[in-house]
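Here is what each chain is made of, one letter per residue.
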Amino acid sequence: MKTPLSQKTGFFAEYYLKLKEQAGAGASCEADIAKLSECKSDEERVAYVDQLPWVQSGDANLLLRPEFDSKRAPLAAEIKERATAAFKAKKWLEAMVLYTRSYMSLPSENVAEICLVLANRSATLYHMQKYQECLIDIRRAIDLGYPKDLIYKLYERRARCYMALKDYPHTIEAFKKCISAMDDSALTSDKKAKLNLDAMTMIKMLLQDPRTAKQAARQEKQRIALDQATALPAEKEYVSPLVRIDRNQQEGRFARAAADVKAGEELLVERPFVSVLLEKFAKSHCENCFVRSVVPVACPRCADVIYCSEQCRDEAAKKYHKYECGIVPIIWRSGASINNHIALRIFASKPLEYFLQLKPTIDKELSPEELLRLPKDDFRRVAQLERHQGKRQASNFFQHVLMARFLTKCLQSSGYFGAEPQPEQVRAICSLMLRSLQFIQFNTHEVAELHKYSSTGREKSIFIGGAIYPTLALFNHSCDPGVVRYFRGTTIHINSVRPIEAGLPINENYGPIYTQDKREERQAKMQELYWFECCCDACIDNWPLFEDLPRDVIRFRCEAPNNCTAVIEVPPSCNDFIVKCVTCGELTNILKGLKVMQDTEMMTRTGKRLYETGEYAKALQKFIDLIRIMYDVLAPPFPDFCESQQHLKDCFLNLGNVYNLD
């Protein structure tokens, strides 16, 4: 059973052990914990633990204070010296990484030093031929107030970048600004004259190039279109009309096909209710949108996280980072899991008053239709997800209460409750935090990034963060899922990987899959992590692993008019085109199925070739066609269908977060 203490070591585990020591005799401690089973609500559980004398005395070990030690000018200066040495040695990658670390370590008031580090990083990026990223750093350095006597260098570098990008109108504009900026420089007359001549020569040459006028006209149209647009639209959320959320006693809430679903259909596009990046990726990915950033933006107060842009930085600061700033390293050092951090961020993302007003209605049960009609950011969208309260032991509740108290203290130390926290308000949030830890345990999705190694052709999905998707959380599990999920930033996309008949469940996969894991292992994992017994077809019929799937039979669907669902297994060497179904006694013509098997060989080769050459959209369509024609006459599980499904999934993954490592 997973608990807040079973992830990794940290000071919170030490606090827990000391707490039990302070409780005195083991029997007395266990008796106190056992009484939690008598509590009827999370409010009662928090109140009960709060009044335990040995818990109160242990609170002295949880005195928290935001930490900002990583923002130090001397440290930044030392790192900058190392970066400059690497730059002089033409170690561009090392220099870029060090300049970034120096920038991250600079206090926000050291504006002049920040400008210089950004300018130096832009020079490194120019040598690395990362011209777009170089332009971003040049803009940032200029916007922050780069010294007037040196700014001509940035305008010249900007011109060279645009020249390399074959953007001639912007090249001309940058060279003109370079010429004007030289008036404030300390350059000698000879150097000014030479740089001026070089710039004027480039301007004259580009003005005579017919491509310049065409580019300028196109850019003007784009500028007008942007001026007329109110804002760049975020990726649109979408729930297909093919998806219907139902509810029954046996399955709870689940997704069902409202009509026939074809392979490859997009069924859901959903932004997370909350998302948190793993500590491992805190210095390589944007905390707010999970996009990798070569030229990150720093938080003004801490050096613990990065952002891909000023927009993401400001959005995070406005929404949640104002309460997490300086607290993040404490959470990491505590050993708390990412699920615990997700719980904290739920509350950091909205004001205290919001939760206090909502709390009286939180236990009012809503139907699936009512839940889906709530605003996307309504806490009730997630608060009514499965918690399995009736299956929890008192010891499990105790550990969750302790973690809820710790996370609430983190919020309190960052000013969430104001200068004078009211005990009843703190306890109210702590009880909601406890509730959140419970539903997060069963409803968090791993956000993934596909890592590609071009030298070997190897691909691997890497877990970079966690998130809660309220609609997707209502989909049930199958060891033979009907969908694949992939991510663009933190937005999740759900697409079907086989036909699904109207009325049948649309199931995703919570981890173990029948082609890779034996039934006993899958069942054990589902019980351990999600506390239920899987009853999918693959488990009921005990489908074999992919490597054990029989290659000496072809599984045809019975085509009898009486809607027989039986499978007719025929050896490849069979010479009869008409075979009798042993279940219904009707005859089936398998000639069509045999023809399909011949056609799919060529289609598979074509799909693989398209995939290997990076034409993922075309390969995707080829594998969709393959699955459609196979599923029409053949019944899973069988090897060719499994392989085509995997190829289809790989195509979808390549449309999402991808990182090329070589």
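Residues numbered from 1 in each chain as written. Predicted model: local features only at pLDDT ≥ 70, side-chain atom pairs only at ≥ 80, totals over all residues. Heavy atoms only, no water.

Side note on the overall build of the protein chain
The helix and strand inventory of the protein chain stands at 25 helices and 16 strands. For the protein chain, the spread of C-alpha atoms along the principal axes amounts to about 100 × 75 × 45 Å. In the protein chain, which comprises 662 residues, the share counted as buried stands at 51%. Taking the contacts inside the protein chain whose residues are at least 6 apart along the sequence as the reference set, 67% of them involve residues at least 24 apart. Summed over all atoms, the accessible surface of the protein chain reaches about 32300 Å², with 51% contributed by carbon and sulfur. Placing the 91 positive and 86 negative side-chain charges of the protein chain at their respective mean positions leaves the two points 5 Å apart. (Helix = DSSP H or I, 4+ residues; strand = E, 2+ residues; numbered from the N terminus. Buried < 20%, exposed > 50% of the residue type's maximum accessible area, 1.4 Å probe, protein only. Contact = heavy atoms within 4.5 Å. Areas by Shrake-Rupley, 256 points an atom, 1.4 Å probe, with all protein chains shown as cover. Lys, Arg positive; Asp, Glu negative; His and termini not counted. Charge placed at Lys NZ, Arg CZ, Asp CG, Glu CD.)

Focus on the UniProt feature "domain: MYND-type" (unreviewed entry) in the protein chain
The UniProt record annotates "domain: MYND-type" (unreviewed entry) at residues 286–325. Annotation note: span residues 286–325, helix share 38%, strand share 10%, distance between end C-alpha atoms 15 Å. (UniProt positions renumbered as here; feature names shortened; annotations may be inferred.)

A short note on the packing of helix 6 (residues 92–105) against helix 7 (residues 111–127)
Two numbers describe how helix 6 lies on helix 7: the axes approach to 9 Å, and their chain directions differ by 160°. Taken together, the axes of helix 6 and helix 7 lie roughly antiparallel to each other. Judged by the sense of rotation from one axis to the other, the crossing of helix 6 with helix 7 is left-handed. Counted together, Trp92, Ala95, Met96, Tyr99, Thr100, Ser102 and Tyr103 of helix 6 and Ile114, Val117, Leu118, Asn120, Arg121, Thr124, Leu125 and His127 of helix 7 form the full contact between these two elements. Broken down by class, the residue content of the contact of helix 6 with helix 7 amounts to 9 nonpolar, 5 polar and 1 charged. (Axes fitted to C-alpha atoms, helices over the stretch in contact; angles between N-to-C directions. Parallel < 35°, antiparallel > 145°, perpendicular 65-115°, else oblique. Left-handed = near helix turned anticlockwise from the far one by under 90°. Nonpolar A, V, L, I, M, F, W, Y, C, P; charged D, E, K, R; others polar.)

Considerations on the state of the cysteines
If you walk through the whole model with that rule in mind, you get 0 disulfides. Counting only cysteine sulfurs, Cys325 is the nearest neighbor of Cys299, a cysteine outside any disulfide, at a range of 3.7 Å. By relative accessible area, which is 5% here, Cys299 ends up buried. We note that Cys308 lacks a disulfide partner, and the nearest cysteine sulfur, in Cys289, lies 3.6 Å from it. On the basis of relative accessibility, which here comes to 23%, the residue Cys308 falls in the partly exposed class. (Disulfide = S-S within 2.5 Å.)

Overview of the packing of aromatic side chains
Per the stated rule, a full pass over the model turns up 24 aromatic pairs. Ring geometry for Phe12 and Phe406: centres 5.3 Å apart, planes at 50°, overall tilted. Separated by 394 residues along the polypeptide, Phe12 in helix 1 (residues 11–22) and Phe406 in helix 19 (residues 394–413) bring together distant segments of the chain. An identical accessibility class is assigned to Phe12 and Phe406; each is buried. Consider the rings of Tyr510 and Phe532, whose centres lie 6.2 Å apart with planes at 85°: the pair is edge-to-face. Linking Tyr510 in the loop between strand 11 (491–496) and helix 21 (519–530) with Phe532 in the loop between helix 21 and helix 22 (537–540), this pair joins segments that are 22 residues apart in sequence. Chaining the aromatic ring pairs together yields one cluster made of Phe347, Tyr354, Phe355, Phe379 and Phe439. Seen from the ring of Tyr354, Lys350 lies directly overhead, with NZ or CZ sitting 4.6 Å from the centre. (Phe/Tyr/Trp six-rings, centres within 6.5 Å; stacked < 30°, edge-to-face > 60°. Lys NZ or Arg CZ within 6 Å of the ring centre and 35° of its normal.)

Overview of the pairing of strand 4 (residues 266–270)
Counting buried residues along strand 4, 4 of its 5 residues qualify, which places the element largely inside the surrounding structure. Pairing analysis gives 2 bridges linking strand 1 (residues 238–239) to strand 4, with the strands arranged antiparallel. Bridge pairing links Tyr238 to Val269 in strand 4. The sheet contact formed by strand 4 and strand 11 spans 4 bridges and is antiparallel. Residue pairing in the sheet places Glu266 in a bridge with Asn495 of strand 11. (Pairing = 2+ DSSP bridges.)

What about a nonpolar patch on the surface?
A cluster of nonpolar residues, Phe577, Ile578, Leu587 and Leu591, forms a patch on the protein surface that exposes about 390 Å² of accessible area. Here Ile578 lies in strand 14 (residues 578–580). Overall, Ile578 belongs to the partly exposed group, its relative accessible area being 44%. (Patch = residues over 30% accessible without salt bridge, like charges linked within 9 Å, V, L, I, M, F, W, Y side chains within 5 Å. Salt bridge = Lys/Arg side-chain N within 4 Å of Asp/Glu carboxyl O.)

Observations regarding the nonpolar core
Ranked by size, the top nonpolar core spans 146 residues in total, and within it Trp54, Ile346, Phe347, Phe379, Phe398, Leu411 and Ile506 carry the most contacts. The leading source of residues in this core is helix 19, at 11 residues. Not counting residues up to four positions away in its chain, the partners in contact with Phe347 are Phe355, Phe379, Leu411, Tyr416, Ile429, Leu432, Met433 and Ser436. (Core = buried A, V, L, I, M, F, W, Y, C linked by side-chain atoms within 4.5 Å.)

Structural notes on the pairing of strand 3 (residues 252–257)
Alignment of strand 2 (residues 243–248) against strand 3, held across 6 bridges, turns out to be antiparallel. Paired with Arg247 across the strands is Arg253, a residue of strand 3. Linking two consecutive strands that pair antiparallel, namely strand 2 and strand 3, is a turn of 3 residues.

Some thoughts on the sheet that holds strand 11
The strand order 1-4-11-10 describes an open sheet built from 4 strands, whose pairing is antiparallel. The sheet is open, and its two edges are formed by strand 1 and strand 10 (483–488), each paired on a single side. The sheet strands contacting helix 25 (residues 639–653) are strand 10 and strand 11, and the helix crosses strand 10 at an angle near 15°.

With respect to the environment of Cys325
In this structure, Cys325 sits in the loop between helix 13 (310–324) and helix 14 (328–334). For Cys325 and Ile138, which are 187 residues apart along the polypeptide, the C-alpha to C-alpha distance reads 27 Å. When near neighbours in sequence (up to four residues on either side) are disregarded, Cys325 contacts Pro66, Phe68, Cys299, Arg301 and Cys302.

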